[in-house]
Amino acid sequence: MSDATEAQTSETDEQPAAAPLPESNETLEDEELANLVTAEEYLMRKDVQLLEYEKQMFLDLVHADGLLVAAKGLSYERVLLHILKVYSDAGNLLLVINSSDWEEQYYKSKLDAKYVHEVANTATERERVYLEGGIQFISTRILVVDLLKQRIPIELITGIIVLRAHSIIESCQEAFALRLYRQRNKTGFIKAFSSSPEAFTIGYSHIERTMRNLFVKQLYIWPRFHATVRAALHPWQAQTIELHVPLSERVSSIQTHILDIMNFLVREIKRINRTVDMEAVTVENCVTKKFHKILQAQLDCIWHQLNSQTKLIVADLKILRSLMISTMYHDAVSSYALIKRYRSTEYAISNSGWTLMDAAEQIFVLSKQRVYNGQNEFEPEPCPKWQALSELLTQDIPGDMSRRRGAGHLDPPKVLILCQDARACYQLKQYLTQGSARYLLQQALRHEVLVGKLSDEFAKQSQGAAMAEPAAKADGVKLEPNTAAAAPPAAAPPALDELSQLLSETDAEAQLQQQLFEESYMLTMTQAAPSDPDPNASIFEIIPELEQFDVSAALAAHRQPCICLQTFKTEREGSMALEHMLEQLQPHYVIMYNTNVTAIRQLEVFEARRRLPPDDRMKIYFLIHARTVEEQSYLTSLRREKSAFELIIETKSKMVIPEYQDGKTDEAFVLYKSYEDEEPTNAQTRQGAATGVALASARITPKIIVDMREFRSDLPCLIHRRGLEVVPVTITIGDYILTPEMCVERKSISDLIGSLNSGRLYNQCVQMQRYYAKPILLIEFDQNRPFHLQGKFMLSQQTTATNADIMQKLQLLTLHFPRLRLIWSPSPYATAQLFEELKLGKEQPDAQVAAALGSDEAGPAPGEQLQYNNAIHDFLLRLPGVHTRNVHGLMRKGGSLRQLLQLSQTELAELLQSQESGKLLWDILHVAHLPEKDEVAGSSALLAASKQFGSGSHNRFRKAASEARRGRR
């Protein structure tokens, strides 16, 4: 209780942490009041270990709601953890949204378990858990539905914490939940966190729009160059040694040639597209890690306007970047295998032409020379950093440890090697345990690179490494990657558009890497015997305890020097994996095999927390290729972050924030669109009762029934933003019910293509037309994509037979369902406005009726055709002369099919109210038809067309129709 209310004493607007106690418990109440502390007093407790800048972050966010933007690596996680501890009480209900899985696991492991509640599966259980208070990490989709259905006591929510706040846009589910929360809770807090300052530079006034969506008025900026951060980290800096590793001549030449080709392609793409903004397409961006994100943000909205040559250049820039990465970071054999893949006739025909340049020929020749010597013997050159790493581990670090032992430090050395990805980790593990020669030979066999004859020197190295392999296995060392630390299997990737497929890794090699490579390995270094005749035998062995991911057990069992290989971040723990490893391992030495801004700052913060004397601090070695793409990429990431913070600081100095932006006052008109003051334009001319009825109907808030599954999209949020009431219901027919007669099935372009090909859309239209008088098919486009379906825009990118006849299938759909209306919407915003206009002056839908329609126990719904057998109704509509305007009269007066056969042509014409329709129906029932010559010719043409389009074009449509009819029987 004391922790729960200590921070709220300084927040005058926020509600108390718990309900007041009865007067009979005055003594207990006095004791609890005596335990109340302010936020400043809480920070003075011994169990609160925060750096100075973290304490200031804590005080800022406790005293006022706001958005905190921190630099990467400055770890606001501890600040948030203590905020959660402050509100850990049964009298509080605290919700944490937009958190990743590893963030949720990290905070749950650090908090008191009795105050952290798991999200229940059923609605009844969730209502009970909400009333118990405490802290809940909840998915936003579940939260939005519970808020709309009022399963959660909104007025009793203490506050909401939003993580990754840079992703909060006005149409997302998080903004929807915050709007619902702030509409009915004026005292609770909202605190938001973000560690991605670059994200706030994309788009116009991104930071202001994000703060408006979060309902906060304060912005807290914490860059690395903040004076408080510098004062906290500078006195405890670790000793850093930067080792500039020179590239080999061949690698340096390959890098130069790749940059030349990139420079040529960048100039070419700007020459072709003079009217298009190509500011983001630069050589500097092409070699950075976020190149694909930058390019996608720049070109996504204009992708349909670019010609084929531009699209080929974009694809080739991505390929050249992968070649650059492979040359710089991978071994010579793997790099040669990748480059050789692009020296084929098929690729030369399909690319933009870069393979015909002289620089490309030099790349192919030099990459082969890295693997084969002048006599065409297999002699691959090792990676430039391998030798430097071996010297550090076998000479520099042991020498430094001997000096430390002289000063009284007797612990065995612990070395942490940080790599950029799991592939680099695996490469170093194999190199240290097997030697370079054996590893390169294995890579040649894996990538099917022709080995041929080994050079004499390489043969000696590989034989020496091969002798070390059985010795390692005899000691019980497992060389297979551990499985306990492996990431869970990835879900099936969603359907991507052409640009996303172009820029993402989808080849089989990437999937193989995920299965083969691990993110952590632990080795131990054994001293070689002086009498050992083999100088190439490996002195590094794998510690098997890491298979259970238990670093402490590995350290306790082995008193030998310990070497840990770790990626900067893992899928299991995210960026907290490095901090967790540092706390467990407490390394004496850290080797940065690759550079990373976040990891460097995490090392700085870790050293500042320990507050050790200079001699006991970590020693950090940087292995970097100076004046190369690697160094440029690192400097670019620093420059980008610095310029992003400068822009945010400048924006904050000029920002105008309304008083009502936090939503705590009645002036927050952005929350509401009132229908009470709106009157029909003709209502002023009416008198008496007519005016009263019109005004009463105008005061009713329009209501739209939304299917539960639709809350994955942005549309429900935008509908609510326009002032319409959203009613979440599980319905089997349609996605949105606007009126008792109007049902809408929403389809995006990808959904539309899939539903038409599978026949599912046919069944959905059958159900909508059966139960609703005005069925609507809404085809919704992405607002960032072109609003075009035909021609050279959308479908021309998809040349397969299954997508070539989408328009024909849509035409068939409208022929089968005459009452079906198609609505084309350019974006969810336009859809929300359209729904509002369609509902003007219409009756409101009933949620219970909508939920019952289509279920087995549902009774007959309103509508004349539902009083008859649905199968007979559909059958009659397919007869010549029968259509939607005369089918009901025919079903009322025709009796049965037997009676229909007995009627004359005149009687049929009276039933159908048309002589022509009566003749058509009588002929089909009584006249035996033989195919004529033109009909035979037409049928053969249809057969030829079906072979051309494939068996699944229209047949799938007819198959779905027959299945639907069989299911109704």
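Model, not experiment: these values are computed from the prediction. (Residues numbered from 1 in each chain as written. Predicted model: local features only at pLDDT ≥ 70, side-chain atom pairs only at ≥ 80, totals over all residues. Heavy atoms only, no water.)

J.: Just checking my understanding: could you explain the overall build of the protein for this structure?
T.: Across its full length, the protein carries 43 helices and 20 strands. Buried residues in the protein amount to 49% of all 969 residues. Taking contacts inside the protein between residues at least 6 apart in sequence as the whole, the part at least 24 apart equals 75%. Surface exposure of the protein reaches about 47100 Å², of which carbon and sulfur atoms provide 52%. (Helix = DSSP H or I, 4+ residues; strand = E, 2+ residues; numbered from the N terminus. Buried < 20%, exposed > 50% of the residue type's maximum accessible area, 1.4 Å probe, protein only. Contact = heavy atoms within 4.5 Å. Areas by Shrake-Rupley, 256 points an atom, 1.4 Å probe, with all protein chains shown as cover.)

J.: Could you clarify how one ought to interpret the pairing of strand β5 (residues 159-162) in this entry?
T.: As a general feature of sheets, a regular strand has side chains that alternate between the two faces. Here β5 shows a buried face lined by Gly-159 and Ile-161 and a second buried face lined by Ile-160 and Val-162. Judged from the four bridges that link them, strand β2 (residues 93-97) and β5 form a sheet pairing that is parallel. Along β5, the bridge assignment pairs Ile-97 with Val-162. Across four bridges, β5 lies against strand β6 (residues 189-194) in parallel orientation. If you follow Gly-159 over to β6, its bridge partner there is Phe-189. (Pairing = 2+ DSSP bridges.)

J.: In this structure, what is going on with the environment of Ser-827? I would like to understand it.
T.: Structurally, Ser-827 can be placed in the loop between β20 (821-825) and α35 (828-838). It is 9.6 Å that separates the C-alpha atoms of Ser-827 and Ile-779, two residues lying 48 residues apart in sequence.

J.: Before we go on, may I ask you to explain the packing of helix α5 (residues 77-86) against helix α6 (residues 101-110) in this structure?
T.: A pair of packed helices is characterised by two quantities: the angle between their axes and the separation of those axes. Relative orientation of the contacting elements α5 and α6 amounts to 50°, with a least axis distance of 10 Å. Our classification of the angle between α5 and α6 gives oblique. Two packed elements cross with a definite hand, and for α5 against α6 that hand is right-handed. Contact residues: Glu-77, Leu-80, Leu-81, Leu-84 and Lys-85 in α5; Tyr-106, Tyr-107 and Lys-110 in α6. Across the contact of α5 with α6, the residue classes break down as five nonpolar, no polar and three charged. (Axes fitted to C-alpha atoms, helices over the stretch in contact; angles between N-to-C directions. Parallel < 35°, antiparallel > 145°, perpendicular 65-115°, else oblique. Left-handed = near helix turned anticlockwise from the far one by under 90°. Nonpolar A, V, L, I, M, F, W, Y, C, P; charged D, E, K, R; others polar.)

J.: What is the right way to look at the packing of helix α8 (residues 140-148) against helix α9 (residues 173-184) in this model?
T.: The geometry of α8 relative to α9 is characterised by a closest axis approach of 9 Å and an angle of 30° between their N-to-C directions. Accordingly, the angle class assigned to the pair α8 and α9 is roughly parallel. Judged by the sense of rotation from one axis to the other, the crossing of α8 with α9 is left-handed. For the pair formed by α8 and α9, the contact residues are Thr-140, Leu-143, Val-144, Leu-147 and Leu-148 on the first element and Gln-173, Glu-174, Phe-176, Ala-177 and Leu-180 on the second. Taken together, the residues that form the contact of α8 with α9 break down as seven nonpolar, two polar and one charged.

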